Amino acid sequence: MEKSCSLLVHFDKGTPAIANEIKEALEGNDVLAKIDAMKKAVSLLLNGETLPQLFITIIRYVLPSEDHTIQRLLLLYLEIIDKKDASGKLLPEMILICQNLRNNLQHPNEYIRGVTLRFLCRLHETEIIEPLIPSVLQNLEHRHPFIRRNAIFAVMSIYKLPQGDQLLVDAPEMIEKALSTEHDQSAKRNAFLMLFTCAQERAINYLFSHVDKIPEWGEQLQMVVLELIHKVCRTDKGEKKGKYITIIISLLNATSSAVVYECAGTLVSLSSAPTAIKAAANTYGQLLLSQSDNNVKLIVLDRLQELKSSHREIMVDMVMDVLRALSSPNLDIRRKTLDIILDLITARNVNEIVQMLKKEVVKTQSGELEKNGEYRQMLIQAIHSCAIKFPEVASTVVHLLMDFLGDSNIASAIDVVIFVREIIETNPKLRVSIVTRLLDTFYQIRAARVCAGALWIVGEYCLSLSEVESGIATIKQCLGELPFFSITEEGEVTDTSKRPPQQASSITVSSRRPAVLSDGTYATQNAASETAFAAPTMVQGSLSSGNLRSLLLTGDFFLAAVVACTLTKLVLRLEEVQSSKVEVNKAATQALLIMVSMLQLGHSSVLPHPIDSDSYDRILLCIRLLSNTGDDIRKIWLQSCRQSFVKMLSEKQLRETEELKAKAQVSHAQPDDLIDFYHLKSRKGMSQLELEDEVQDDLKRATGEFINDGNDTNKLNRILQLTGFSDPVYAEAYVTVHHYDIVLDVTVINRTKETLQNLCLELATMGDLKLVERPQNYALAPESSKQIKANIKVSSTETGVIFGNIVYETSNVFERTVVVLNDIHIDIMDYISPAFCSDAAFRTMWAEFEWENKVAVNTTIQDEKEFLDHIMKSTNMKCLTAPSALDGECGFLAANLYAKSVFGEDALVNISLEKQGDGKLSGYIRIRSKTQGIALSLGDKITLKQKGGGS
């Protein structure tokens, strides 16, 4: 068995000290040389050297020294040397140090006494300690508090030794007496800790006899009191729990933040009474505002998050206090605060919360912080969430947020356009004002994706004649003059929006040259597109030259297809609301001219790459549609698109409702359980808090929260056989997987008629697994068993393997016998759980993550949805693709799956299937993650499981 290590010193093995040199320095008279030699000796001993020849030298030349540093190093040396021989008996030379230790304990210098008492705390040899006990007890009454506090610790350490209660029979009584007369806070803390550890009843009696003075005690002593209360209430299900809770509440007003934080945590863990929870929540709220350290704020927010999940109704009342944490500039704190707030919104407080969020959004405009854009995006998403849950507040925020459609932070601008799209559908009363505002600010939009979203809104929700005409006019204005380019007599290409001759040269294509992109690939670059994009008026967007034009001149033909679709919808709707056929034909002609110009731009040499086939087909379809319109087509374009969007929103709402219902499910009482009525309870002179606490405990019992419902079948599934039934040693392991470690509970049975000596379970790991402790040797009697526990740390989500041997000796055979164990495979499924993320977040992560594992589909399952369900079940992942998108039979299926590991790693999976003519499924499953381990492990899991049901 390995020795415990109480001292750790770095030692550079590159320049090892020679024992003879150390010995010479110790025998000399130079104090500094002696100190250096002692340090080297201690370092060598800690690194496995024995140095037996130094002991007598140190006794002769170092022991008599009066230097304090040398005496301290001497104690460290004595602490780490072997004091017993191979048979476990004390070495005779150790008696030599007893007299020195006794002299030190009576030394006139307080420091020497104190460090010697501390040394005794780490000494386990009763033969050395026993003659020193009278001197230790004398120090309990020393005038200096440094000595008294160390003497109390020494008494506690001696009393905790295997025979300590015989060496110091009346130690608890003496310490209790010392505690009652002690004035030094550290010594009082040590004395109370000794009673708490060795004589718990005396500690409890002392606590209750000094209840009124507890708030005046020092911080260290108050922390020990809380630790005692926590332990007592956990072990003894509390006759006096109400009184303990009263003590905790009195400590909530302590000056120390650490004590206050511990009080709140202890209160929550011990009681569910509303008064207690409210007190803890208020305490956390005060700490959140008073502490400047960001780490402390994050920890407090974690505690509030836990409170929210179990006591939401109490947390709702302090929502505005939590919101004040947004004043911190740290993004993590702000994100966590918003996450908590969004779950606490009610009809009563939604207006206040939205008002506060609006103020924060306005602040992000004026501030100079570099992450203002990201914070604004978080605020916009929070307001979006509020407006969806409570539509009545949408009118107060939608116009403010629409100012950010032209935001330089594209992510927040996209969030705004998604929010506006949802609000305009769910709040019909706001439609006119939103459309008007959108058309007024459309020219400010800079990003192509935001433009596409805004154009869709314009095409779907411009219903009246004036709105349709304004929509068409706005698009025309943002596209600028047609055509998009012209060819001069010299054959040079110019942008027609640049009329003055002096500007034409700046956009002339004089050459086409290759450019190296950020990823190392080549692209063709030309002056026209570069200049058009680089011009400030184009990028910023203005009334004089449109933002759509500048985006189209960068080669964004998806946006061109969206422009064509929007114009088509507006012209079709104009036919319904405009009585004059002339005006309708005029608008249709202008729309056709714009579409043809975009196609012409797509096939010209002005841009580095031609138009893609999808966008080309889409624009061509719009041209054909405007040339020849039918009622069925009109219905598809003007009604079906909107109906699909409404269906998507309703499904999203339904999914959120189902998730809330699933979270709200709680266990219920059994038919024959006891029901305890609150109004019939005996008061027994209890305070309101004690009564509330008892009632809450009764409620917990009734709802089954106190019952530890162990699933025996699940436990049996986790038992793994490590050796065969015919082996002389039978072993099986019960594997328990916690978040960051694995506990192997191995049962070893000796099936022979002989005693097995030095039996050792030797384990090794592969993957990101690490053994915590070294194996120990055991002796196993004939036909007896032994439980051996092994702890293994896990550092990432990866399939790991644990393998090893059982090695033992018998009296007959001198060689060691080895029994090889079966491998234990740690399943990745224990570390990942289904999670949800938005489509935008999924796409962003998909683009960012560098590790991809591509698995070909190879299965006997013939139904696409059945295969998808099987993969979801096998990989413990959640399908992000809406159920409606998977409806119907078309022979194809594409779905996105997502899961999160306990280490915070994201796992993304895309399944693309096609049904072949013979009924078999083909396709690929692509896995992406930030780390290699999770991508490979998930791929192996899918390969193993995808065949079907039982494999």
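Computed from a prediction, not measured in an experiment: that's the story for all the values here. Starting from 1, residues in each chain are numbered consecutively following that chain's sequence as written. Selection of residues for local features in this predicted model requires a pLDDT of at least 70, selection of side-chain atom pairs for listing and counting requires 80 or more, and totals for whole chains, interfaces and linings are taken over all residues. The side-chain values count all of the structure's non-hydrogen atoms but skip hydrogen atoms and water molecules.

1. Thoughts on the overall build of the protein
So, point 1. Within the protein one finds 41 helices and 20 strands.
So, point 2. Throughout this description, buried means an accessible area under 20% of the type-specific maximum (1.4 Å probe, protein chains only), exposed means over 50%, and partly exposed covers the range between. Expressed as a percentage of its 951 residues, the buried residues of the protein come to 46%.
So, point 3. Any two residues whose heavy atoms approach within 4.5 Å at even a single point are treated as in contact. The contacts of the protein with a sequence gap of at least 6 include a subset with a gap of at least 24, amounting to 65%.
So, point 4. Surface accessibility of the protein: about 49000 Å² in total, with carbon and sulfur atoms responsible for 51%. Runs of E in the DSSP output that reach at least two residues are strands. Runs of H or I that reach at least four are helices, and both are numbered from the N terminus. Surface exposure here means Shrake-Rupley accessible area, sampled with a 1.4 Å probe, where a residue is shielded only by the protein chains that are shown.

2. Quick look at helix H40 (residues 864–875)
So, point 1. Take the number of residues in a helix, subtract one, and multiply by 1.5 Å to get its expected span. Helix length check: H40, at 12 residues, gives a terminal C-alpha distance of 17 Å against a target of 16 Å (1.5 Å per residue), a fit within 8%.
So, point 2. Taken residue by residue, H40 has Glu864, Phe867, Leu868, His870, Ile871, Ser874 and Thr875 as its buried positions. Taken end-on, H40 shows its buried residues confined to a sector of 160°, consistent with a single buried face.
So, point 3. The N-cap of H40, judged by a side-chain oxygen 3.2 Å from the amide nitrogen of Lys865 a few residues on, is Asp863.
So, point 4. Once H40 ends, the next one or two residues include Asn876, with phi positive near 60°. Here, the arc refers to the directions that run from the helix axis to the C-beta atoms. Throughout this description, a polar contact denotes any pair of N or O atoms lying within 3.5 Å of each other; where both atoms belong to protein, one of them has to be capable of donating a hydrogen while the other can accept it, and for residues adjacent in sequence the pair is counted only when both atoms sit in side chains.

3. A closer look at the sheet that holds strand E11 (residues 785–794)
Paired through backbone hydrogen bonds, the strands of a sheet run either parallel or antiparallel to each other.
So, point 1. The pairing criterion for strands is at least two bridges between them, as found by DSSP. Read across the open sheet, the five strands follow the order E5-E6-E7-E11-E9; overall the sheet is antiparallel. Each end of this open sheet is capped by a strand with a single partner; those strands are strand E5 (719–721) and strand E9 (769–771). Here the strands of the sheet are splayed against their neighbours by 30° on average, with no regard to which way each runs.
So, point 2. Here three bridges tie E9 to E11, and the two strands are oriented antiparallel to one another. Comment: axis = line fitted to C-alpha atoms, over the contacting stretch for helices; angle = value between 0 and 180 degrees taken between N-to-C directions.

4. As for the confidence of the model for the protein
So, point 1. Chain-level statistics for the protein give a pLDDT mean of 80 and a share of 84% at 70 or above.
So, point 2. Values of pLDDT, which run from 0 to 100, indicate the predictor's confidence residue by residue. Overall, residues 499–544 carries pLDDT values under 50, and its contacts beyond four positions in sequence, including any with other chains, amount to 74 contacts.

5. Quick look at unusual backbone geometry
What you tend to see is this: most non-glycine residues have negative phi, and most peptide bonds are trans.
So, point 1. Of note, the phi angle at Asn758 is positive, near 50°, even though the residue is not glycine.
So, point 2. Its location among the elements puts Asn758 in strand E8 (residues 756–766).
So, point 3. With a phi angle near 55°, Glu783 is a residue other than glycine that sits in the positive phi range.
So, point 4. Within the secondary structure, Glu783 is located in the loop between strand E10 (777–780) and E11.
So, point 5. On the accessibility criterion, Glu783 (51% relative accessible area) is exposed.

6. Details of the pattern of salt bridges
So, point 1. Salt bridges are counted wherever a side-chain nitrogen of Lys or Arg sits within 4 Å of a carboxyl oxygen of Asp or Glu. Within this structure, the stated rule accounts for 23 salt bridges.
So, point 2. Among the ionic pairs, Asp343 bridges to Lys308, the shortest N-O distance being 2.7 Å. Highlighted residues: Asp343 in the loop between helix H21 (331–342) and helix H22 (350–366) and Lys308 in helix H18 (residues 294–310), separated in sequence by 35 residues.
So, point 3. Take Asp343: its relative accessible area is 36%, and that puts it in the partly exposed class.
So, point 4. The salt bridge involving Arg816 is made with Glu809; its shortest N-O contact spans 3.5 Å.
So, point 5. Accessibility expressed as a relative area gives 40% for Arg816, which makes it partly exposed.

7. Thoughts on the side chain of Ser135
So, point 1. Among the secondary structure elements, Ser135 is positioned in helix H8 (residues 133–138).
So, point 2. Among the residues examined, Ser135 registers a relative accessible area of 5% and is labelled buried.

8. With respect to the pairing of strand E7 (residues 741–750)
So, point 1. Most of E7 is tucked away, with eight of its 10 residues classed as buried.
So, point 2. Two strands pair when backbone bridges link them, and strand E6 (residues 729–737) and E7 are joined in this way by nine bridges, in the antiparallel orientation. What sits directly across from Val737, in E7, is Ile742.
So, point 3. Here E7 runs beside E11; their pairing, made up of nine bridges, is antiparallel. Pairing of Asp741 across the sheet is with Lys793, part of E11.

9. Some details on the packing of aromatic side chains
So, point 1. The criterion for an aromatic pair is that two Phe, Tyr or Trp rings (for Trp, the six-membered ring) have centres within 6.5 Å, with stacked assigned to planes under 30 degrees apart, edge-to-face to planes over 60 apart and tilted to the rest. Per the counting criterion, the structure on display carries nine aromatic pairs.
So, point 2. Taking 5.1 Å as the distance between ring centres and 65° as the angle between the ring planes, the aromatic pair formed by Trp456 and Phe645 counts as edge-to-face. Taken as a pair, Trp456 in helix H27 (residues 448–461) and Phe645 in helix H36 (residues 631–664) lie far apart in primary sequence, 189 residues in all.
So, point 3. For a ring to carry a charge above it, either NZ of a lysine or CZ of an arginine must fall within 6 Å of the ring centroid while also lying within 35 degrees of the normal to the ring plane. The side chain of Lys854 reaches across the aromatic face of Tyr924, ending 4.5 Å from its centre.

10. Topic: helix H5 (residues 95–105)
Three or four residues apart is the spacing at which side chains of an α-helix point the same way, because the helix has 3.6 residues per turn.
So, point 1. By the burial criterion, the buried members of H5 are Ile97, Cys98, Asn100, Leu101, Asn104 and Leu105.
So, point 2. Buried residues in H5 make contact with helix H3 (54–62), helix H4 (68–80), helix H6 (110–121), helix H7 (126–129) and H8.

11. Section: the packing of helix H28 (residues 465–479) against helix H33 (residues 557–577)
So, point 1. For the pair H28 and H33, interaxial distance at closest approach is 9 Å and the crossing angle is 150°. Put simply, H28 runs roughly antiparallel to H33. At the point where H28 passes H33, the crossing takes the left-handed sense. Between H28 and H33, the contacting residues are Leu465, Val468, Glu469, Gly471, Ile472, Ile475 and Leu479 on the first element and Val563, Thr566, Leu567, Leu570, Arg573, Leu574 and Val577 on the second.
So, point 2. In the contact of H28 with H33, the residues fall into 10 nonpolar, two polar and two charged. Put simply, angles under 35 degrees are roughly parallel, angles over 145 are roughly antiparallel, angles from 65 to 115 are roughly perpendicular, and the rest are oblique. Rotating anticlockwise by less than a right angle from the far helix to the near helix defines a left-handed crossing, while the corresponding clockwise rotation defines a right-handed one. Side-chain classes follow a simple rule in which Ala, Val, Leu, Ile, Met, Phe, Trp, Tyr, Cys and Pro form the nonpolar group, Asp, Glu, Lys and Arg form the charged group, and the remainder, Gly included, forms the polar group.

12. As for the nonpolar core
So, point 1. For the purposes of this section, nonpolar cores are sets of buried Ala, Val, Leu, Ile, Met, Phe, Trp, Tyr and Cys residues that join through side-chain atoms within 4.5 Å. Within the largest apolar cluster, 217 residues are counted, with the highest numbers of intra-cluster contacts made by Tyr77, Phe192, Leu207, Leu304, Leu357, Leu548 and Met595.
So, point 2. With 13 residues, H33 is the largest single contributor of residues to this core.
So, point 3. Setting aside residues no more than four positions away along its own chain, Leu357 makes contact with Leu323, Leu326, Leu338, Leu379, Ala382, Ile383 and Cys386.
So, point 4. Counting residues in each nonpolar core, the second largest holds 27 residues, with Val729, Ala733, Tyr808 and Tyr831 among its members.

13. Some remarks on the environment of Phe903
So, point 1. Secondary-structure assignment places Phe903 in the loop between strand E18 (892–901) and strand E19 (906–915).
So, point 2. Spatially, the C-alpha atom of Phe903 lies 8.1 Å from that of Tyr831, the residues being 72 residues apart in sequence.

14. Quick notes on the environment of Leu601
So, point 1. Following the sequence through the fold, Leu601 ends up in helix H34 (residues 581–602).
So, point 2. The buried category is assigned to Leu601, whose relative accessible area is 1%.
So, point 3. Leu601 sits 115 residues away from Ser486 along the chain, and the two C-alpha atoms are 10.0 Å apart.
So, point 4. In contact with Leu601, other than residues within four places in its own chain, are Phe484, Phe485, Leu552, Leu553, Phe557 and Leu607.

15. Structural notes on the packing of H22 against helix H23 (residues 372–389)
So, point 1. At their nearest, the axes of H22 and H23 sit 10 Å apart, and the two run at 160° to each other. In terms of axis orientation, H22 runs roughly antiparallel to H23. Between H22 and H23 the crossing geometry is left-handed. Here H22 contributes Val350, Val354, Leu357, Lys358, Glu360, Val361, Thr364 and Gln365 to the contact with H23, which in turn contributes Asn372, Tyr375, Arg376, Leu379, Ala382, Ile383 and Cys386.
So, point 2. Across the contact of H22 with H23, the residue classes break down as nine nonpolar, three polar and three charged.

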